[in-house]
Amino acid sequence: MLAIIGGTGLTRLSTLAVAHREVIRTPYGEPSAALVVGELAGRRAIFLARHGHGHTIPPHRVNYRANLWALRQQGARAILAVASVGAIRGAGPGDLVLPHQLIDYTWGRTQTFFDGNGAQVVHADFTRPYSDELRGMCLGAAADSGIPLTDGGVYGAVSGPRLETAAEIDRMDRDGATMVGMTGMPEAGLARELGLDYASVCVVVNHAAGRGDSTTQVSLEGIARVLETAMDKVRTLLEHVIVRIPTHPSGTGRDAAADPVAGAERGNGR
Ligand code: HPA
């Protein structure tokens, strides 16, 4: 089953026919919001508002572990994360981009389910951080729906909540990052640890600091304006993605490096 994590501008999924809401407690604390379970384009899906229903949880306070654990525990095997980003190069406000790589600049966030407590040391492979299979479905959905979706980009994940300096963006550009956002990590890494297929549809809401029309400052009003119109495209795209998700019980989803969910249920979690 597909789960959609909605970011800024997507705290509700109006196209989801809601069956019920699940308030979940996890060994890692509470997810950002109740999970909204329902049908999207006739297929079962779960929606979770990453920043809470009222958009009150800033990126550095999101309980990423609880969010992913709860989604997996409720049967999600693939996660499509919607995230707003600033463009460093190659895209502009209003564009949708499907990153194929990421660079993690975040700090002070809990990065793993495997953090000791006497458990086995586990190193998850993260060479290709996004699921090729789920990315392929997103590209197919874009072709079906006629919604332009740029194939590939390097997501630079920062802690925020402040935006970057122009020099920080220059450095990220030199590193090879083509977009910058605040929520892509540890979300993608934790999904990998749980064996979930994960991809992210990034909505470009501004030129990054020092770039394009953000030469002297990033306009927050501009961001709000772009978000409103771009999310309509995202909703349409999601309806075309979900019909491509296999319906057999396991759905998509690779083998977990280990199974921290089972471990937590046995009492190894916190
Ligand atoms: N920087 C970091 N995160 C963001 C930006 C940005 O410019 N725009 C949207 N999310």
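Residues numbered from 1 in each chain as written. Predicted model: local features only at pLDDT ≥ 70, side-chain atom pairs only at ≥ 80, totals over all residues. Heavy atoms only, no water.

A.B. asks: Could you give an account of the pattern of salt bridges, naming the residues involved and the relevant values?
C.D. replies: This structure, assessed with the given rule, holds 11 salt bridges. One salt bridge in this structure joins Arg-211 and Asp-173, with 2.5 Å as the shortest N-O distance. Residue Arg-211 is located in the loop between strand 11 (197-207) and helix 5 (220-242), and its partner Asp-173 is located in helix 3 (residues 166-175); the two are separated by 38 residues in the primary sequence. Three or more residues joined by partner-sharing salt bridges are found here, namely Arg-89, Asp-170, Asp-173 and Arg-211. (Salt bridge = Lys/Arg side-chain N within 4 Å of Asp/Glu carboxyl O. Helix = DSSP H or I, 4+ residues; strand = E, 2+ residues; numbered from the N terminus.)

A.B. asks: How would you sum up the packing of aromatic side chains? Please name residues and give values.
C.D. replies: Summed over the entire model, instances satisfying the criterion amount to 3 aromatic pairs. For the pair Tyr-28 and Trp-69, a centre-to-centre distance of 6.5 Å together with 65° between the ring planes defines the contact as edge-to-face. Linking Tyr-28 in the loop between strand 2 (17-22) and strand 3 (35-40) with Trp-69 in helix 1 (residues 64-73), this pair joins segments that are 41 residues apart in sequence. The structure contains a cluster of three or more aromatic residues connected by ring pairs, namely Tyr-28, Trp-69 and Phe-113. (Phe/Tyr/Trp six-rings, centres within 6.5 Å; stacked < 30°, edge-to-face > 60°.)

A.B. asks: Break down helix 3 for me, with residues and values.
C.D. replies: Among the residues of helix 3, those classed as buried are Ile-169, Met-172 and Asp-173. Take helix 3 and look down its axis: the buried residues cluster within an arc of 105°, on one side only. Turned more than 90 degrees from where helix 3 packs its buried face, Ala-167 and Arg-174 sit exposed. At its buried positions, helix 3 is contacted by strand 9 (154-157) and strand 10 (179-181). Residue Gly-176 follows helix 3 closely and has a positive phi angle near 110°. (Buried < 20%, exposed > 50% of the residue type's maximum accessible area, 1.4 Å probe, protein only. Arc of directions from axis to C-beta. Contact = heavy atoms within 4.5 Å.)

A.B. asks: Give me the side chain of Asp-197: which residues, what numbers.
C.D. replies: In this structure, Asp-197 sits in strand 11. In this structure Asp-197 comes out as buried when scored by relative accessible area, which is 4%. Within the structure, Asp-197 has its side chain in polar contact with the side chain of Ser-131 (distance 3.4 Å). (Polar contact = N/O pair within 3.5 Å; in protein donor to acceptor, adjacent residues only side chain to side chain.)

A.B. asks: Outline the pairing of strand 9, listing residues and values.
C.D. replies: Residues Val-154 and Gly-156 point to one face of strand 9 and Tyr-155 and Ala-157 to the other, with burial holding for every one of them. Across 4 bridges, the pairing between strand 7 (residues 101-104) and strand 9 is parallel. Within the sheet, the bridge partner assigned to Gln-101 lies in strand 9 and is Val-154. By the bridge criterion, 3 bridges tie strand 9 to strand 10 in an arrangement that is parallel. (Pairing = 2+ DSSP bridges.)

A.B. asks: Kindly report on the pairing of strand 5 (residues 78-87), identifying the contributing residues and their values.
C.D. replies: The buried count for strand 5 comes to 9 of 10 residues, which makes it a mostly enclosed element. Of the strand pairs in this sheet, strand 1 (residues 2-6) and strand 5 are connected by 4 bridges, and their pairing is parallel. Residue Ala-3 lies in a different strand from strand 5, and its bridge partner there is Ile-79. Both strand 5 and strand 11 contribute to a ladder of 10 bridges, which runs parallel. Bridging across to strand 11, Ala-87 finds its partner in His-207. Note: strand 5 against strand 10, 2 bridges, orientation antiparallel. Directly across from Ala-87, in strand 10, lies its bridge partner Met-179.

A.B. asks: Mind laying out the state of the cysteines, listing which residues take part and the relevant values?
C.D. replies: For the structure shown, the criterion picks out 0 disulfides. Distance from the sulfur of Cys-138, which forms no disulfide, to the nearest cysteine sulfur (Cys-202) is 11 Å. Judged by its relative accessible area of 0%, Cys-138 falls in the buried class. With a relative accessible area of 0%, Cys-202 lands in the buried category. (Disulfide = S-S within 2.5 Å.)

Geometric descriptors of this kind do not, in isolation, establish any biological role.
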